[in-house]
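Structural characterization, general
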Amino acid sequence: MDVFAMDISALSRALRERKISAVELTRSYIDRIDARDGETGAYLTTTFEQALAQAVRADERRADGEAVSPLNGIPMALKDNMATRGIPTTCASKMLKGYVPPYSATVAERLEAAGCVLLGKVNMDEFAMGSTTENSAFRITRNPRDPSRVPGGSSGGSAAAVAAGEAVFALGSDTGGSIRQPASFCGVVGLKPTYGAVSRYGLIAFASSLDQIGPLTKTVRDCALVMNCIAGRDARDATSSPRGGGDYLEDLEGGVKGLRVALPRELMGAGVDAGVQKSIQGAAARLERLGAHIKEVSMPALKHALAAYYVLSSAEASSNLARFDGVGYGVRAAHYDGLYELYARSRSEGFGAEVKRRIMLGAFALSEHYADAYYGKALRVRTLVAQDYARVFDEADVILSPVAPTVAGKLGARDKDPVKTYLGDVCTVPASIAGLPAISVNCGEGEGGMPVGAQLTAPAFAERTLLRAAYALEQGV
């Protein structure tokens with residue numbers, strides 16, 4: 001039995017039929033991590049002793065005849081910006097090195113209650129700011145499909161762990177594409193839910209009006225199973241919505257006959273590699289063969305979405321990260337002369353270059369004389385982008401586009417011009433600033449045989465339609 005090739009459904013069935021125990025499954029994954037993670041670099045912290053204890057409990061629950069979740073006994077990983085009681089949570093930053101939270105994020109609590117086995121915390125770009133996982137303060141994560149390439153970011157450790165068979169599934173966070181882009185680069189499935197569908201309680205904030213937690217999985221069905229566990233209203237998060245609950249497996253296999261699919265010209269033009277364009281066109285043709293109606297549309301506001309996103313997200317990051325001053329939160333500089341120097345040295349030593357860049361950009365955008373010219377204008381663009389989506393969804397059920405304009409690049413090849421790096425987010429940020437659900441599902445290969453993800457976007461809280469379309473695309477049925 002090749003447990004590393006099996007998805008949640010298959011493993012849950014094997015556990016239920018006593019073909020394997022949760023302890024045996026967990027030990028297999030621990031051995032896999034020991035053997036492979038030296039090259040992959042997915043994990044920052046492993047929790048093997050706790051994992052085995054959780055696996056024992058999962059086996060006991062089944063033996064006692066309890067009605068258990070399909071996730072009971074399934075080994076998984078969490079991105080290291082989700083609080084875990086008694087387990088280090090660093091956001092891959094020197095600023096939080098050694099921080100051990102006294103509480104857990106809601107998603108961590110819900111997965112634990114379902115009987116999941118936590119293998120550890122996985123790597124990321126520092127404070128979720130980046131798209132390669134090279135911005136981590138502690139280690140570099142490599143793409144399992146080609147170790148000379150990046151896994152994407154900021155949830156690169158989550159995507160790499162799933163792709164390398166070092167976790168059955170993982171949770172990541174997505175602010176402007178940080179689940180979908182690494183899912184595309186590593187050839188796995190990644191869902192950014194509707195803003196408010198999944199509780200953010202215990203997620204260390206980057207940009208509070210954009211951040212969302214979501215699953216990275218082997219299959220679309222697995223994605224639905226994980227959402228059944230983590231989605232829904234949470235009284236501790238005022239932005240969470242009861243509309244996020246329910247059964248995400250509902251109508252998963254309903255097919256796409258009659259489904260209206262829009263292809264936006266603005267996300268298929270200049271700057272998108274030929275191999276990526278070919279894969280997305282192939283995905284559209286596949287959906288059409290299955291009975292969907294494909295229509296090309298124009299969404300003119302999308303060309304302004306990237307600039308608006310970086311103003312809005314950096315402004316919110318500047319505000320959220322102000323608490324890390326070496327006094328209330330975060331590491332404290334060893335040497336300083338006076339309070340001002342304590343703040344300056346602690347923040348200079350604790351934050352990496354990309355985090356500092358975004359804090360400064362955000363502080364400038366919020367400054368007294370420029371707030372309306374930058375932050376205010378970005379908010380107005382956000383409204384225009386949302387209106388473009390609403391107009392298209394009057395005549396379409398889902399939107400199909402690339403996840404990224406290229407496949408995964410080489411490690412260390414980031415352009416020194418950050419603006420060129422930020423352009424890699426051009427396809428993912430529009431759904432983020434509109435608060436809409438979007439999923440990446442593998443649809444082909446591009447340069448070097450690397451995976452290409454198709455992005456499907458749906459109206460708010462229409463994840464079931466999104467998953468149905470993604471499942472049809474994945475299965476070809």
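Let us now look at the overall build of the chain. Within the chain one finds 15 helices and 11 strands. Seen through its C-alpha atoms, the chain measures out along the principal axes to roughly 65 × 55 × 45 Å. Expressed as a percentage of its 477 residues, the buried residues of the chain come to 59%. For the chain, long-range pairs separated by at least 24 residues make up 75% of all intrachain contacts whose partners lie at least 6 apart in sequence.

What follows deals with the side chain of T217. Structurally, the position occupied by T217 is in strand β6 (residues 212–217). For T217, the side chain forms a polar contact with the main-chain oxygen of T219, separated by 2.7 Å. Setting aside anything within four residues of it in sequence, one finds T217 in contact with V162, F169, V188, V189, D222, C223 and V226.

Take unusual backbone geometry next. S154 follows G153 through a cis peptide bond whose omega is 5°. Along the chain, S154 turns up in the loop between β3 (117–122) and α5 (156–163). Backbone geometry places C91, a non-glycine residue, at a positive phi of 55°. One can find C91 in the loop between β2 (75–79) and α4 (106–113). The phi dihedral of F461 falls on the positive side, at around 60°, and the residue is not glycine.

So, about helix α7 (residues 220–230). Along α7, nine of the 11 residues are buried, which leaves the element largely enclosed by surrounding structure. Listed as buried for α7 are V220, D222, C223, A224, L225, V226, M227, C229 and I230. Residue G232 follows α7 closely and has a positive phi angle near 120°.

A few words on the sheet that holds strand β5 (residues 189–192). Strand order in the open sheet formed by 11 strands is β1-β3-β2-β4-β6-β5-β10-β11-β9-β7-β8, with mixed pairing between adjacent strands. The outermost strands of the open sheet, each flanked by one partner alone, are β1 (43–46) and β8 (293–297). When strand polarity is set aside, the average angle formed by the axes of neighbouring strands in this sheet is 30°. Examined bridge by bridge, strand β7 (residues 260–264) and strand β9 (residues 398–402) share two bridges and lie parallel to one another. Note that in β9 the partner of V261 across the bridge is V398. Against the sheet, helix α2 (residues 22–40) touches β1, β2 and β3, its axis set at about 20° to β3.

Residue-level pLDDT values for the chain average 97, and 99% of them are 70 or greater. The lowest-confidence element of the chain is helix α13 (residues 418–422), averaging 82 in pLDDT; the highest-confidence one is β2, averaging 99.

Let us look at a nonpolar patch on the surface. On the surface, V327, L339 and Y343 cluster together into a nonpolar patch covering about 260 Å² of accessible area. Among the secondary structure elements, L339 is positioned in helix α10 (residues 339–350). With relative accessibility at 51%, the residue L339 sits in the exposed group.

How two aromatic rings sit relative to each other is given by the distance of their centres and the angle of their planes. Scanning the model with the defined rule gives 12 aromatic pairs in all. Taken together, a centroid distance of 6.1 Å and an interplanar angle of 20° make the contact between Y389 and F393 stacked. Residue Y389 and its partner F393 are located together in helix α12 (residues 372–393), separated by four residues, close to a single helical turn. Like Y389, the residue F393 is buried in the burial classification.

Residue position: V398 is located in strand β9. Along the chain, V398 and V261 lie 137 residues apart, while their C-alpha atoms are 5.1 Å from each other. In this structure, V398 is in contact with L259, R260, V261, A262, F393, L456, T457, A458 and T465, ignoring residues within four places of it in sequence.

A separate point is the nonpolar core. The tendency in soluble globular proteins is for nonpolar side chains to be buried as a group. If you look at the biggest cluster of nonpolar residues, it comprises 104 residues, and the most contacted ones within it are L111 and L400. The leading source of residues in this core is α7, at eight residues. Counting residues in each nonpolar core, the second largest holds 47 residues, with Y309, V311, A365 and L436 among its members.

Here is what the cut-offs are and how they apply
- Residues numbered from 1 in each chain as written.
- Predicted model: local features only at pLDDT ≥ 70, side-chain atom pairs only at ≥ 80, totals over all residues.
- Heavy atoms only, no water.
- Helix = DSSP H or I, 4+ residues; strand = E, 2+ residues; numbered from the N terminus.
- Buried < 20%, exposed > 50% of the residue type's maximum accessible area, 1.4 Å probe, protein only.
- Contact = heavy atoms within 4.5 Å.
- Polar contact = N/O pair within 3.5 Å; in protein donor to acceptor, adjacent residues only side chain to side chain.
- Pairing = 2+ DSSP bridges.
- Axes fitted to C-alpha atoms, helices over the stretch in contact; angles between N-to-C directions.
- pLDDT = per-residue confidence, 0-100.
- Patch = residues over 30% accessible without salt bridge, like charges linked within 9 Å, V, L, I, M, F, W, Y side chains within 5 Å.
- Areas by Shrake-Rupley, 256 points an atom, 1.4 Å probe, with all protein chains shown as cover.
- Salt bridge = Lys/Arg side-chain N within 4 Å of Asp/Glu carboxyl O.
- Phe/Tyr/Trp six-rings, centres within 6.5 Å; stacked < 30°, edge-to-face > 60°.
- Core = buried A, V, L, I, M, F, W, Y, C linked by side-chain atoms within 4.5 Å.

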